[in-house]
Structures are given as structure tokens and as C-alpha cells.
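Spelled out, the chains give:
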Amino acid sequence: MVSVDTVYQRVLALSNKEQRGYITPQEFNLLANQALMGIFEEYFHHQNQYLRNPGNSSASSDSLDYIQDKISRFHVTENLAAFPKGGHVLPSSLEMYRLEQVTMNYGGTAAQQVTSKQFRNYNNGVYAARVASDNPIYLRESPPSIDEGLANITSDNFIRVFDPNLWTQNIFIEYIRTPKKVNWGYVVVNEKALYNANTATNFDLHPSEETTLVFKILELAGVVINKTGLSSYAKTESVEQSNTEKQ
Amino acid sequence: MAEYNNGSISNYYASENGGGYQYQSINDLVNTFLAMYVGENKLISKASRQDVFFFGRRALQEMNYDTLRSKKTLEFELDNRMYMIMPHDFVGYTHVFVSDANGIKRPLYPTKDTQNPTRWKVKDVATDERDLDNWFETQAFDAFAGGIITTGLEEEDPKTTQNFSNSQTNNTSNSELESNNSFNNLAEGQRYGLQPSMANANGSFYFDYAKGRLYFGPSLIGQTIVLDYITDGLADDGDSVIHKFAEEAWYKSVAYAIVSTGSNYSPASVQMLKKERFAEMRKAKIRLSNYKSQELAQIMRNKSKWIKH
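What comes next is a walk through the structure. All residue numbers refer to position in the chain's written sequence, counted from 1. Chains carry letters from A onward and ligands carry numbers from 1 onward, assigned in written order. Per-residue local features of the predicted model are confined to residues with pLDDT of at least 70, and side-chain atom pairs are confined, for both listing and counting, to 80 or more; whole-chain, interface and lining totals are unaffected and use all residues. Note: side-chain values were computed over all heavy atoms of the structure, leaving out hydrogens and water.

**Some remarks on the nonpolar core**
Burial of nonpolar side chains together is a common tendency in soluble globular proteins.
Stage number 1. Definition of nonpolar core: a set of buried residues of the types Ala, Val, Leu, Ile, Met, Phe, Trp, Tyr and Cys, connected through side-chain atoms within 4.5 Å. Relative accessibility thresholds used throughout: buried, under 20% of the residue-type maximum; exposed, over 50%; partly exposed, between the two (1.4 Å probe, protein chains only). Core analysis: the largest hydrophobic core is formed by 35 residues, its most contacted members being Val7, Phe28, Tyr43, Phe203 and Ile217 of chain A.
Stage number 2. Secondary-structure elements contributing two or more residues to this core are helix 1 (4-14), helix 3 (25-51), helix 4 (63-72), helix 6 (210-224) and helix 7 (228-246) of chain A.
Stage number 3. Any pair of residues with heavy atoms lying within 4.5 Å of one another is described as a contacting pair. Contacts of tyrosine 43 of chain A, omitting those with residues within four sequence positions, involve Ile67, Lys70, Ile71, Phe74, Leu205, His206 and Glu209 of chain A.
Stage number 4. Core analysis: the next-biggest nonpolar cluster, separate from the first, contains 32 residues, Ile26, Val254, Ala255 and Ala284 of chain B among them. Elements are defined by DSSP. Helices are runs of H or I of four residues or more, strands are runs of E of two residues or more, and each kind is numbered from the N terminus.

Right, dumping it as C-alpha cells:
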């Protein structure tokens, strides 16, 4: 967790609010969420990059372990009830960022996501290629409107488990949740916005992201207040930090 | 299946079936393979579970054919039909025995001198022209034989099988087939010596692979027959197991199959795994062959006997 007030104060200090321009709380909240989601999405690309490196066995400095630690705080396991014909409604896109795994029971065998074409090929193949109950698969799709019991489902996050033996079974899903929306809460006193911790939502990120957040927001703020120097400075700092991390 | 703790040991000895500790289920092996052989910093960086399952099942099939122990066996009493339907999971046979009154298995040998051919019902064309018309209309099949033509696809019992069935049905020790009187008494060794394939008084069998039947000689009617056969390990859930002696061979087989069918692996990796698979498969076969030097020595002592003339 990174304090939203700390970041805001640093952004204001670095932007030299008296000289370069003041960043209002509304602007900050907009830019903060933009920066938050940008950093969050980069986690997955960083992970992909680190997976290709040999890594090291240190307790706290292996890049892959480090990025996985950052991602793991968004990891959620949930039990889902079964709809007819193997259908299951996943949490909405606002809540679920990426679906990681579907299992038929907690800690059990992970079902594999396939396309309908793959499924047809498997099941029309020789016996050895066919899908079995101990090797479950699922398809991610929109709820079929003509199927009885599924017609009223409006969620766009819908999956279907194929094996009829597993149709009535609850399933467990593991997913990466979407970070909470950041908000610098405030009350106006004497025409000045004062920080209100009760209505504020901090950055839902690892504490190590504080500096990155400040630079990212500054970079965006430079565009908003039309100060290219500010953007350039923040961009340079941000790239330098990234290079140091990945060397 | 494979592991026991103190609590389950007592359950094990209370149960009817034992020996499960020898085996690993294919499901466990697939999960282990995905955990240990697939992932970052490993030779196989990504593999779908369905692929591993398929190659795993294929490896199981191949091992069942010539590496794993043949443990499938079926006993039955031969009735007047003189055949037995092949078992549902039959792929090939290893031995066929007749079990005698003392429960001793006496080997039966396959005969090549008879079979169960397909025989269609026939009619004389001259006596029924309409049959011929019908035949052309339906285009049943083309089979002229001296004015006789087939009229449809109805089968009847073939003469070859009937004659074989009727040959000396009451003679259990010296049937036509086994003693082979009709073959110039070759079995008696008058001209060229005994033909080893005929030197067997226990009885004979042959397979009709088209109909999925195992036929026997008439001397075996009423006898207890034991069929040892091979399956591919996929017919029943309980069969999908690999002996621990062959566990490594299974991993290497699956790894080789994935790498050799993938597009992003170096040819050196493919060759390395091919050699490893071969070596592991041979090791598994040797281990499962279960040769014991002491037993071998006991058999070889037979050599020291005097052969009297």
C-alpha cells in the first residue's frame, strides 16, 4: 500500500506548484489512476521478461520473485456456483483483471482453457486425445441465449466446463483482481482542499512503487499543465529507475 | 494410490487387492510432469495439459505393448461353439493355455491350418432369375462360382469351421489337428522328422480377427482355457498405471514427444531426449523382465545333466 497523500504532496513539491502550476485534487485523482493501471499492467510484461532470464537464488533480489511478490497480492481464489450445462459466471471485468486458473476442487487439477475448435478436434480424435474428467477443459464465451437456464445471464465473463460429469459441480477460480481505484479524499476549508483520510483510498500497490508513481504522475501532470520540462524530467527519472531495476 | 501413512497401512492389509505401491497413476504422472519438467528455466517452457495427457497416454500404450508386465488374464470354459469373444480390452495375446485337472497350465499353440472364412448364402441363378436382378440392383457383391451366385449379404456358418468343429470331437488326446494324420504323418517323423509346430497334444487355437473371436480345436470343448493378453492400458481407469520401474521412461517418452513435435526446440535437445528415452525404456524393460541370477543359475544347472542315447 502506498499512501495517496504522500504521493500527492511529493508530486506537488516536485512540480513546484507556485512556479509551474498547481495540480488540483481532481486532476491528481485522474492521473493517479492512469499511472496506477499503467504500472500494474507492466507487471505482467516484466514478469514475461524476467521469466526468460536465468534468475538467482537470493532471498529478496531475484527479479522474478520480486515481480511475483508484487502480483501475488492481487491473487484471489473464489468458489463459483454452477449454472445449468456447466456454465459459471465469473466476477465482472471491473473486479477481475485476469483469470489465472479454473479448478474443479480447491487445490485440484487445473482445467485447461481451449477454443471450441480445439475441443472438437480433441473429442473427434483417438481415445488417447479425448478429454476426460480428470483432465477437465473449459471454454470462455458469452452465455448462449438459446440454452435453457443460461438465457438470462448477462455477464460478459462466462465460462463453460465441458465434461457433463462436472456440470453440477461448483468450481474454484483463481484470478488477479483489478487494483482498487485510488482517491485523494478531501474537504474544502477556506477554499482550500484539505486531505481527508476517511474518504481517501491509497494506492493498491507494493510500497516499492512509491517513487515510480510520483514520476509517472509527474510525467502526466507535465502534459496537463503544459510544462514539457516537467514531463521530460519525470520521464528521464522513470527510465533511469527502470534501467537500474532490469540491469 | 502410491503412498501410505501409518493409518492407511492397516486398511491396506484389510483390503482384497494389494500391490498398488508398485504403480503410479497416469493422472499423478501428468501433474508431476507439468510441475517438474515444464516451466521457466526448464527445457520445455510451456506445454498444455491436454498435450501432456495425450503423449502420456500414448507412452502408456506403447509401454503396454512391449515394456510393462502383461498382467491381463482371462479364464473360461470352452463351450460347444468352440470360440470365445475376445476380451473388451484385447489388443494382442501373449499365451493361451489349457488348465488341466491339477491346475497346471499346458500351452496351446496357434494353428495356421484352418480358419473361419466368411461364407455368404448362395442360390443357383438358373432357378431364380429375380435373385440375379435383385443382385444387380442392390450391387451386393461380385462372386460367381460355377453358376452359383450370391444373393445378398446374409452369412452362414463356413464349412471350414464346421468341419474343423466336427473332427474327432470325442477324442481329446489325439485329435486330427494335433496329431495331423492328414499331413502324411509328418508328426510321426517318418520322412522329415517331427514338425515342432505340430508336436503338441494339448490342442490348438486360432484367431478370427475380423469377428473378434478366438477359436479352439474340438478336443478342448469343456476344458478350462486361460488367455493371457495385452491391453493398451486405457480401457479401464484402473489400468492407467505405470510401474515405478518404468516411471522415468514415461517422463522421457513424454518429454521427447513434446520436444520432437514442437517447433521451437533445438535438434540437439530432440536427439538428447531421444537417446535418454531409449536408454530409460531399455532400463525399464530389463528391470521389469525380473531376471534373478539365482533363478537363472537353477535353470542353467539343467545343462550339466547327461543326455543319454
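The structure having been displayed, the exposition proceeds.
**Focus: the sheet that holds strand 4 (residues 92-99) of chain B**
All names here are of chain B.
Stage number 1. Note on pairing: two strands pair once DSSP finds at least 2 bridges between them. Here four strands make up an open sheet; going across it, the order is 2-12-4-5 and the pairing antiparallel. Here the strands that pair on one side only, and so sit at the sheet edges, are strand 2 (72-77) and strand 5 (105-107). Strand after strand, the sheet turns through a mean of 35° between neighbouring axes, direction not considered.
Stage number 2. Pairing of strand 4 with strand 12 (residues 224-230) involves seven bridges; the strand directions are antiparallel. Each residue of the ladder has a partner; that of serine 99, found in strand 12, is threonine 224. Orientation is described by axes fitted as lines to C-alpha atoms, over the contacting stretch for helices, and by angles from 0 to 180 degrees between their N-to-C directions.

**Things to note about the interface of chain A and chain B**
Stage number 1. With 18 residues of chain A at the contact, the number on the chain B side is 13 residues.
Stage number 2. Computed with a 1.4 Å rolling probe, the buried area is the accessible surface lost when two parts are put together, summed over both parts. In total, about 1,300 Å² of surface goes out of reach between chain A and chain B, with carbon and sulfur atoms giving 46% of it.
Stage number 3. Any Lys or Arg side-chain nitrogen found within 4 Å of a carboxyl oxygen on Asp or Glu counts as a salt bridge. Inspection of the region where chain A meets chain B yields zero salt bridges.
Stage number 4. Any pair of N or O atoms that falls within 3.5 Å is considered a polar contact. Within protein, one atom must be able to donate a hydrogen and the other to accept it, and sequence-neighbouring residues count only if both atoms are side-chain atoms. For the pair chain A and chain B, the interface holds seven residue pairs in polar contact (both at pLDDT 80 or more).

**A word on the packing of aromatic side chains**
Here the distance between the centres and the angle between the planes together describe a pair of aromatic rings.
Stage number 1. Each pair of aromatic rings taken from Phe, Tyr and Trp, with Trp reduced to its six-membered ring, is defined by centres within 6.5 Å and is described as stacked if the planes are under 30 degrees apart, edge-to-face if over 60, and tilted in the remaining cases. Following the criterion strictly, the structure yields 26 aromatic pairs over all chains and no others.
Stage number 2. Seen in terms of ring centroids, tyrosine 8 of chain A and tryptophan 184 of chain A are 4.5 Å apart; in terms of plane orientation they differ by 65°. Their pairing is edge-to-face. Placement of tyrosine 8 of chain A in helix 1 and of tryptophan 184 of chain A in the loop between strand 7 (171-177) and strand 8 (186-189) is noted, with a sequence separation of 176 residues between them.
Stage number 3. Overall, the relative accessible area of 1% leaves tyrosine 8 of chain A in the buried class.
Stage number 4. Classification of tryptophan 184 of chain A as buried rests on a relative accessible area of 3%.
Stage number 5. The interplanar angle of 65° and the centroid separation of 4.6 Å between the aromatic rings of phenylalanine 40 of chain A and phenylalanine 74 of chain A together place this pair among those described as edge-to-face. Here phenylalanine 74 of chain A lies in the loop between helix 4 and strand 1 (75-80) and phenylalanine 40 of chain A lies in helix 3, a separation of 34 residues in the sequence. Each member of the pair, phenylalanine 40 of chain A as well as phenylalanine 74 of chain A, is classed as buried.
Stage number 6. An aromatic cluster is built from Phe76, Phe90, Tyr93, Phe205, Phe207, Tyr209, Phe216 and Tyr229 of chain B, whose rings are joined through pairwise contacts.

**Some details on the environment of glycine 56 of chain B**
Residue and element names in this part refer to chain B.
Stage number 1. Its location among the elements puts glycine 56 in helix 3 (residues 49-66).
Stage number 2. A residue is classified by how much of its surface remains accessible, and glycine 56, at 0% relative accessible area, is buried.
Stage number 3. Apart from the residues within four sequence positions on either side, glycine 56 is in contact with Ile26, Trp250 and Val254.

**Details of the sheet that holds strand 4 (residues 110-113) of chain A**
All names here are of chain A.
Stage number 1. Strand order in the open sheet formed by seven strands is 1-7-3-4-5-6-2, with mixed pairing between adjacent strands. Edge positions in the open sheet fall to strand 1 and strand 2 (87-89), since each of these has one partner strand only. Taking each pair of neighbouring strands and ignoring which way they run, the sheet shows an average axis angle of 35°.
Stage number 2. Here strand 1 runs beside strand 7; their pairing, made up of six bridges, is antiparallel. Residue pairing in the sheet places threonine 77 in a bridge with glutamate 174 of strand 7.
Stage number 3. Of the strands in this sheet, strand 3 (96-103) and strand 7 are in contact with helix 3, which crosses strand 3 at around 35°.

**Structural notes on the environment of lysine 42 of chain B**
Residue and element names in this part refer to chain B.
Stage number 1. With respect to the helices and strands, lysine 42 occurs in the loop between helix 2 (26-36) and helix 3.
Stage number 2. Put simply, lysine 42 and alanine 249 are 207 residues apart on the chain and 18 Å apart in space, counted from C-alpha to C-alpha.
Stage number 3. Among the polar contacts made by the side chain of lysine 42, one reaches the main-chain carbonyl oxygen of methionine 36 at a distance of 3.5 Å.

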